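Structural overview for review
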Amino acid sequence: MSDYIVESKSRKELRRLARVLRKHLGLENELWIPIVELLDVLAEVFSDFSYEIVGDNELPNGTHAETDIRTGHIKIKESVYLRACNGEGRDRMTIAHEIGHYFTLCFCGFSLQRNFKRQEVKPFNDPEWQAKCFAGEFMVAHHLTGDMSVSEIVEACGVSIDAADYQHNHRG
Ligand SMILES: [Zn+2]
């Protein structure tokens, strides 16, 4: 089993998870995910999901936000939250990333783990890789952006150029 096959399979699983969640939230065909508003929706829909906005000095330098994977509690720096409210792609993705931690580890960690046990390749057991992959697939819907250029994805999905480029290169 090559790395490539394992990777594309795992990405496909997370892509499917992202789509199931979009569907569940009535966002299946929305190009632009209202990620800030979604925090409140998720807190209502999932009883163990919670978040708070914290002062910038309450999290270490270089940490934009963090998720406690045992409780599902997300802390977001105020500056990140405010920029996300203003539509800044990088900060919107930071929030999606933390939501990704919640869904890959808290909500469906068990079923993913069971699938991953069949293979020994490490990166896909990495929660950071999983959260990043989920966030990209969630913010840039594979089934809606197949014909789009990088700049069209940036505009339509409200993500950074880097994120759009990454999704563009991993949509196979
Ligand atoms: Zn992370």
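Counting of residues starts from 1 at the beginning of each chain's written sequence and follows it residue by residue. Only residues with pLDDT of 70 or above have their local features reported here, since the model is predicted, and side-chain atom pairs are shown and tallied only from 80 upward, although totals for entire chains, interfaces and linings are computed over all residues. Water and hydrogen atoms play no part in the side-chain values, which are based on all heavy atoms of the structure.

Moving on to the packing of helix 8 (residues 150-157) against helix 9 (residues 161-169). Only the stretch in contact is used when fitting a helix axis, every axis being a line fitted to C-alpha atoms; angles between N-to-C directions are given from 0 to 180 degrees. Only DSSP runs of H or I reaching four residues or more are called helices, and only runs of E reaching two or more are called strands; each is numbered from the N terminus. Where helix 8 contacts helix 9, the two axes come as close as 8 Å, and the packing angle between them is 120°. Accordingly, the angle class assigned to the pair helix 8 and helix 9 is oblique. Helix-helix and strand crossings are classified by hand; for helix 8 and helix 9 the assignment is right-handed. Between helix 8 and helix 9, the contacting residues are Val-150, Ile-153 and Val-154 on the first element and Ile-161, Ala-164, Asp-165 and His-168 on the second. Under this scheme an angle from 65 to 115 degrees is roughly perpendicular, one under 35 degrees roughly parallel, and one over 145 degrees roughly antiparallel; angles in between are oblique. Crossing handedness follows the turn of the near helix against the far one: under a right angle anticlockwise gives a left-handed crossing, and clockwise gives a right-handed one. Pairs of residues are marked as contacts when any of their non-hydrogen atoms sit within 4.5 Å.

The residue Glu-30 is located in the loop between helix 1 (3-24) and helix 2 (35-45) in this model. With 126 residues separating them along the chain, Glu-30 and Ala-156 place their C-alpha atoms 9.5 Å apart. In contact with Glu-30, not counting residues within four places along its chain, are Arg-22 and Leu-144.

This part covers the environment of Glu-88. Checked against the element boundaries, Glu-88 lands in the loop between helix 3 (78-85) and helix 4 (89-107). Three labels apply to residues, based on accessible area from a 1.4 Å probe with only protein chains included: buried if under 20% of the type maximum, exposed if over 50%, partly exposed otherwise in between. A relative accessible area of 42% places Glu-88 in the partly exposed class. Along the backbone, Glu-88 and Ser-160 are 72 residues apart, and their C-alpha atoms lie at a distance of 7.8 Å.

Ideal geometry at a metal centre gives angles of 109.5 degrees when four donors are arranged tetrahedrally and 90 or 180 degrees when six donors are arranged octahedrally. Bound to the zinc ion on the protein side are His-97 (NE2), His-101 (NE2), Glu-128 (OE) and Glu-128 (OE), at distances that span 2.1 to 2.7 Å. Considering all four donor atoms around the zinc ion, the spread of angles at the metal, 51 to 137°, places the coordination shape in the irregular class. Donor criterion used throughout: N, O or S atom within 2.8 Å of the metal, extended to 3.2 Å for Na, K and Ca. Water excluded; incomplete-looking sites may result. Going along the chain, you hit the donors of the zinc ion in the pattern H-x3-H-x26-E. Here His-101 is found in helix 4, whereas its partner Glu-128 is found in helix 6 (residues 127-139), with 27 residues between them in sequence. Residue Glu-128 is classed as partly exposed on the basis of its relative accessible area, which comes to 43%. All geometry calls rest on donor angles, where a four-donor set with angles between 85 and 135 degrees is tetrahedral, four- and six-donor sets with opposite donors more than 155 degrees apart and all others between 65 and 115 are square planar and octahedral, and all else is irregular.

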